[in-house]
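# Geometric and topological summary
These are the residues of each chain, in order.
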Amino acid sequence: MSSILLLTSSPRSESLSTSIAVELADKLKAQNPGSVVVRRDLAANPLPHIDDLFTAAIRKPPEARTAQEAAAVKTSDELVNELLAADSIVIGTGLINFNIYSSLKTWIDNVARAGLTFKYTESGPVGLATGKKVYVVLASGGVYSQGPAAGMNHAVPYLKSVLGFLGITDIETIYVEGLAFGPEVAEKAIGAAKSRVEELALAA
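Now for a look at the structure at hand. Only a predicted model underlies this, so the values are computations on that prediction, with no experimental measurement involved.

With that settled, consider the sheet that holds strand 6 (residues 133–139). Judged by pairing direction, the sheet is parallel, and its 5 strands sit side by side in the order 2-1-3-6-7 without closing on themselves. Looking at strand neighbours, the two that pair on one side only are strand 2 (36–41) and strand 7 (170–176), the edges of this open sheet. Each neighbouring strand pair of the sheet contributes to a mean axis angle of 15 degrees, computed without reference to strand direction. As paired elements, strand 3 (residues 88–94) and strand 6 share 7 bridges and run parallel to each other. Looking at strand 6, one finds that Ile89 is bridged to Val134.

Tallied over the full model, the rule gives 13 salt bridges. For Lys60, the salt bridge goes to Glu69, with nearest N and O atoms at 2.9 Å. Since its relative accessible area comes to 7%, Glu69 is described here as buried. Residues Arg196 and Glu172 are paired through a salt bridge, measuring 3.0 Å at the closest nitrogen-oxygen approach. Highlighted residues: Arg196 in helix 6 (residues 183–203) and Glu172 in strand 7, separated in sequence by 24 residues. Through salt bridges with shared partners, a single ionic network connects Lys133, Asp170, Glu172, Arg196 and Glu199.

Two strands pair when backbone bridges link them, and strand 6 and strand 7 are joined in this way by 7 bridges, in the parallel orientation. Within strand 7, the residue paired with Val134 across the bridge is Ile171. Between strand 6 and its parallel partner strand 7, the chain crosses via helix 5 (residues 155–165), and the hand of that crossover is right-handed.

Reading guide: rules and limits
- Positions within a chain are numbered from 1, following the residues in the order the chain's sequence is written.
- Side-chain atom pairs in this predicted model are given and counted only at pLDDT of 80 or more, local residue features only at pLDDT of at least 70, and totals for whole chains, interfaces and linings cover all residues.
- As a rule here, side-chain values cover all heavy atoms of the structure and leave hydrogens and water aside.
- One requirement defines pairing of two strands: DSSP has to find at least two bridges between them.
- Helix numbers and strand numbers start at the N terminus; a helix is a DSSP run of H or I with at least 4 residues, a strand a run of E with at least 2.
- Working convention: axes come from line fits to C-alpha atoms, limited for helices to the stretch in contact. Angles between N-to-C directions cover 0 to 180 degrees.
- One side-chain nitrogen of Lys or Arg within 4 Å of one carboxyl oxygen of Asp or Glu is enough to make a salt bridge.
- Type-normalised accessible area, obtained with a 1.4 Å probe on protein chains alone, sets the label of each residue: buried when under 20%, exposed when over 50%, and partly exposed for intermediate values.
- The handedness of a crossover follows from its direction of travel: if, with the strands pointing away from the viewer, the path from the first strand over the helix to the second runs clockwise, the crossover is right-handed.

Below, the structure written as structure tokens:
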């Protein structure tokens, strides 16, 4: 059965990154009726930040962990399994201070696990979460896909770098930008994003 992992991270109740990411996941599911959508609302249900107990636990084989250490990595193990099981991943985030929401960064910290989603070899690190397609829905008040502010867009380069490290390189970005430039510009941006969603879903 095909699995679509849907990650939303905006704390805003009327978030466009969330609504368009959900729309894309629904359309991908409609293209493959036998698929299942696994939803993680990272803003409504924040993940635990990694700490000393967590970092100690992941350096041990599961059978060598204490009960406390096992509990510390339980959620991370679930997230890793969801990621590895996914055929497609839809990520919704706003551009906050030129990067992704911290809730999404915490998800990354939980799934970037040596021996599970990547490994070190004599020739360098190798990603283990291969064979997946990622769609990033990025909403912003300004325009960061091109133009003078493009260099301040650290969200997309970061996501491409860290996902690439995990072995995921097939990444599409849907921009919903210029939302602070007035209703007319915002309406055009939303329309363009929805059209792009339709195109990508049909091509999936």
